[in-house]
Amino acid sequence: ADEPLLIIGKPGMGKTSMFEAVTQKLGIGYLPNILSHKDPSAVGGVQIPDLKTGILRLYIPEDLPDPKRHGPKGILHYDEINVVSMLLQATAYGIIQERRLGASWKLMKGWVPMASGNNVTDRSAAQRISLALANRFNIQYVEPHLPSWLQQYGSEHVDTRGTSFLRFRPELFHVMPRNADETCFPTARSWTKAFKFIDKPPMERRRIFSGYVGSAAADEFEAYWRIMERATT
């Protein structure tokens, strides 16, 4: 429909990979812009005086879609859009709504600006999104869903011993911390990282897992795997 979409959800659940997966399936371009890594001039361009004409000329950022480099169709993805200041959000208004920067640059037909962000309540540095910006999007709220993640990503990229554990304990797939001091907690992202160390010795593995998903979830995995090892020997 050539309309901007904004996805909002919990941190670490794979919002960015959703956009990447869609573009790969459709065979179109994907151009990520992580707004928290930028300043306003890196999003909206910078104006430089032309000494010959006395007129300010707009120099646009290099990471905007170009048909020769990025293809004729694709998604221009503004990630972490509600982590940044209102000023930086406002800088993206023109590209998202009017598909242009000033009078000299226009987003080519076939490319659609889209965005993702975290819930304000999840203590992930997200702030309330500008209503003027929000009104430019179709906004969809997404939740972690293990079967979808397994189909889209997990079954291909995660050790089968890890995915079997998550199938056994799906309630541990994504657990936001209740204590403000907790910084290690289970998400699709943290489990994926933890399972890279699944072949480490048990004591070392538990310590590493705890650093990703928290000690409670790490203990659950160790208990599960001890039972599975006994059942197969």
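What you see is a predicted model; the values in this text were computed from it and never measured.

Some remarks on helix α8 (residues 160-168)
Every buried residue of α8 is accounted for by Gly 162, Thr 163, Phe 165 and Leu 166. With its buried residues spanning 155° around the axis, α8 presents them on a single face. Structural note: α8 exposes Thr 160, Arg 167 and Phe 168 on the side pointing more than 90 degrees away from its buried face. The elements touched by buried residues of α8 are α7 (146-157), α9 (188-194) and α11 (215-231). The opening residue of α8, the one whose side-chain oxygen lies 2.7 Å from the backbone nitrogen of Arg 161, is Asp 159.

As for the side chain of Ser 116
Along the chain, Ser 116 falls in strand β8 (residues 111-118). Reaching out from Ser 116, the side chain makes a polar contact with the side chain of His 77 at a distance of 2.8 Å. In this structure the side chain of Ser 116 is engaged in a polar contact, spanning 2.8 Å, whose partner is the side chain of Asp 79. Beyond its immediate chain neighbours, meaning those up to four positions away, Ser 116 contacts Leu 6, Ile 7, Lys 15, Phe 19, His 77, Tyr 78, Asp 79, Glu 80 and Ile 81.

Section: the sheet that holds strand β1 (residues 5-9)
Here five strands make up an open sheet; going across it, the order is β2-β5-β8-β1-β9 and the pairing parallel. Each having just a single partner strand, β2 (29-34) and β9 (138-141) make up the two edges of the open sheet. Within this sheet the neighbouring strands show an average axis-to-axis angle of 20°, counted without direction. Here strand β5 (residues 74-79) runs beside β8; their pairing, made up of five bridges, is parallel. Each bridged residue has a counterpart across the sheet, and for Leu 76 the counterpart in β8 is Pro 113.

Remarks on a nonpolar patch on the surface
Taken together, the side chains of Val 46, Ile 48 and Tyr 59 define a hydrophobic patch exposed on the protein surface, amounting to about 260 Å² of accessible area. If you trace the backbone, Tyr 59 turns up in strand β4 (residues 56-59). With relative accessibility at 45%, the residue Tyr 59 sits in the partly exposed group.

Describing helix α1 (residues 15-26)
In this model, α1 (twelve residues) spans 17 Å end to end at C-alpha, consistent with the 16 Å of a helix rising 1.5 Å per residue. Residues of α1 that are buried: Lys 15, Phe 19 and Thr 23. Down the axis of α1, the buried set is contained in an arc of 85°. They therefore lie on one face. Turned more than 90 degrees away from the buried face of α1 sit Gln 24 and Lys 25, all of them exposed. For α1, the elements touching its buried residues are β1, β2, β5 and β8. After α1 finishes, the residue Gly 27 shows a positive phi value of roughly 70°.

Describing the pattern of salt bridges
Within this structure, the stated rule accounts for seven salt bridges. With a shortest N-O distance of 2.9 Å, Asp 159 and Arg 161 are connected by a salt bridge. Classification of Asp 159 by relative accessible area gives partly exposed; the value is 25%. In this structure Arg 161 comes out as partly exposed when scored by relative accessible area, which is 21%. In this structure, the salt-bridge partner of Arg 169 is Glu 220, at a minimum N-O distance of 2.6 Å.

Calculation notes
Residues numbered from 1 in each chain as written. Predicted model: local features only at pLDDT ≥ 70, side-chain atom pairs only at ≥ 80, totals over all residues. Heavy atoms only, no water. Buried < 20%, exposed > 50% of the residue type's maximum accessible area, 1.4 Å probe, protein only. Helix = DSSP H or I, 4+ residues; strand = E, 2+ residues; numbered from the N terminus. Arc of directions from axis to C-beta. Contact = heavy atoms within 4.5 Å. Polar contact = N/O pair within 3.5 Å; in protein donor to acceptor, adjacent residues only side chain to side chain. Pairing = 2+ DSSP bridges. Axes fitted to C-alpha atoms, helices over the stretch in contact; angles between N-to-C directions. Patch = residues over 30% accessible without salt bridge, like charges linked within 9 Å, V, L, I, M, F, W, Y side chains within 5 Å. Areas by Shrake-Rupley, 256 points an atom, 1.4 Å probe, with all protein chains shown as cover. Salt bridge = Lys/Arg side-chain N within 4 Å of Asp/Glu carboxyl O. Expected span 1.5 Å × (residues − 1).

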